[in-house]
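Descriptive analysis of the structure
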Amino acid sequence: MPEVIFAGPAGRLEGRFHPAKKRGAPIAIVLHPHPQFGGTMNNQIVYNLYYAFAERGFSVLRFNFRGVGRSQGHFDHGAGELSDAAAALDWAQTVSPDARACWIAGFSFGAWIGMQLLMRRPEIEGFISIAPPATLYDFSFLAPCPSSGLFVHGDKDRVAPLKEVQTLIEKLKTQKGILIEHAVIPDANHFFENCVDTLIGEVSTYLDRRLDNPVRTAIPARSSGT
């Protein structure tokens, strides 16, 4: 799992990149939660999402937004972080020029950034949105949502109450030509404490279905600190 440094709009950005062994493999970008509330690329959910994609043959990049870890710059309330995510996708496409597709995944604040990137980059064909904070940020830009994807939420989430997210999702489901799925994890709060395995299981099942059950790639033993 190589450590990478790539150019962002506010300076260098620090990341971890898993290159796929197969030429033409799809790309996935994984975005972390709010930088001012402890969010980093080593967040447990981000880390597990990263490996869920890697085990399915993706080239995967997770990285620290500006001002986090060794990434340069300062928190920019979403606008700068969206530019960081665009730069990350640009970098991943440069090192994987034959990639046949791209996915975006994000948790909480990262889900908000990821869905904005989805609207701006037509090559993104799938998304995983974990606990999108629909009460804290405006998601009205998803009109229409350009790609099919999965939302996952905990039914005990007090940061982004399930009712508010369901309203957003039901609106998106009315669109023709895309399929929006929603998984609700029982007894899970916003951080999926004691429910991360269940969460990743839902994501993995969805990915296998969307990817037509590909052969999973064995990934070496890992530690969440890297």
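Residues numbered from 1 in each chain as written. Predicted model: local features only at pLDDT ≥ 70, side-chain atom pairs only at ≥ 80, totals over all residues. Heavy atoms only, no water.

The subject of this paragraph is the overall build of the protein. Helix and strand counts for the protein stand at five helices and eight strands. Walking the protein from its N terminus toward its C terminus, one meets helices and strands in the order β-β-β-α-β-α-β-α-β-β-α-β-α. A globule of 226 residues ought to have a C-alpha radius of gyration of about 17 Å, and the protein, at 16 Å, matches this closely. Along the first, second and third principal axes, the C-alpha atoms of the protein reach 40 × 40 × 35 Å. Residues counted as buried form 55% of the 226 residues belonging to the protein. Once local pairs closer than 6 in sequence are excluded, the contacts in the protein between residues at least 24 apart make up 70%. Here the protein displays about 10200 Å² of accessible surface, and carbon together with sulfur accounts for 49% of that area. Counting 22 positive and 22 negative side-chain charges, the protein places the averaged centre of each group 4 Å from the other. (Helix = DSSP H or I, 4+ residues; strand = E, 2+ residues; numbered from the N terminus. Rg over C-alpha atoms; globule rule 2.2 N^0.38 Å. Buried < 20%, exposed > 50% of the residue type's maximum accessible area, 1.4 Å probe, protein only. Contact = heavy atoms within 4.5 Å. Areas by Shrake-Rupley, 256 points an atom, 1.4 Å probe, with all protein chains shown as cover. Lys, Arg positive; Asp, Glu negative; His and termini not counted. Charge placed at Lys NZ, Arg CZ, Asp CG, Glu CD.)

Before going further, it helps to examine the environment of Leu168. Position of Leu168 relative to the elements: it lies in helix H4 (residues 162–173). Counting along the chain gives 30 residues from Leu168 to Thr198, while the straight-line C-alpha distance between them is 23 Å. With residues near it in sequence (within four places) discarded, Leu168 still touches Phe139 and Leu142.

What follows is about the environment of Pro97. Mapping Pro97 onto the fold places it in the loop between helix H2 (79–95) and strand E5 (102–107). What makes Pro97 exposed here is its relative accessible area of 64%.

A few words on the sheet that holds strand E6 (residues 124–130). Strand order across the open sheet formed by eight strands is E1-E2-E4-E3-E5-E6-E7-E8, with mixed pairing between neighbours. Looking along the sheet, the strands with just one partner apiece sit at the ends: strand E1 (3–8) and strand E8 (180–185). For this sheet, the mean inter-axis angle between neighbouring strands, taken without regard to orientation, is 20°. Sheet topology note: the strand E2 (residues 11–18)/strand E4 (residues 59–63) ladder contains four bridges and is antiparallel. (Pairing = 2+ DSSP bridges. Axes fitted to C-alpha atoms, helices over the stretch in contact; angles between N-to-C directions.)

This chain's UniProt record puts "domain: Xaa-Pro dipeptidyl-peptidase-like" (unreviewed entry) on residues 18–138. For the annotated span residues 18–138, helix accounts for 33% and strand for 20% of the residues, and the straight-line distance between the end C-alpha atoms is 32 Å. (UniProt positions renumbered as here; feature names shortened; annotations may be inferred.)

Despite not being glycine, His77 shows a phi value in the positive range, around 60°. As for its placement among the helices and strands, His77 is situated in the loop between E4 and H2.

A word on the pairing of E6. In terms of burial, E6 is a largely internal element, six of the seven residues being buried. Of the strand pairs in this sheet, E5 and E6 are connected by six bridges, and their pairing is parallel. Paired with Ala105 across the bridge in E6 is Ile128. In this fold, E5 hands off to helix H3 (residues 109–120), which returns the chain to E6; that crossover is right-handed. Relative to strand E7 (residues 148–154), E6 is paired through five bridges, and the arrangement is parallel. The residue bridging Ile130 from the neighbouring strand is Val152, located in E7. (Right-handed = clockwise from strand over helix to strand, strands pointing away.)

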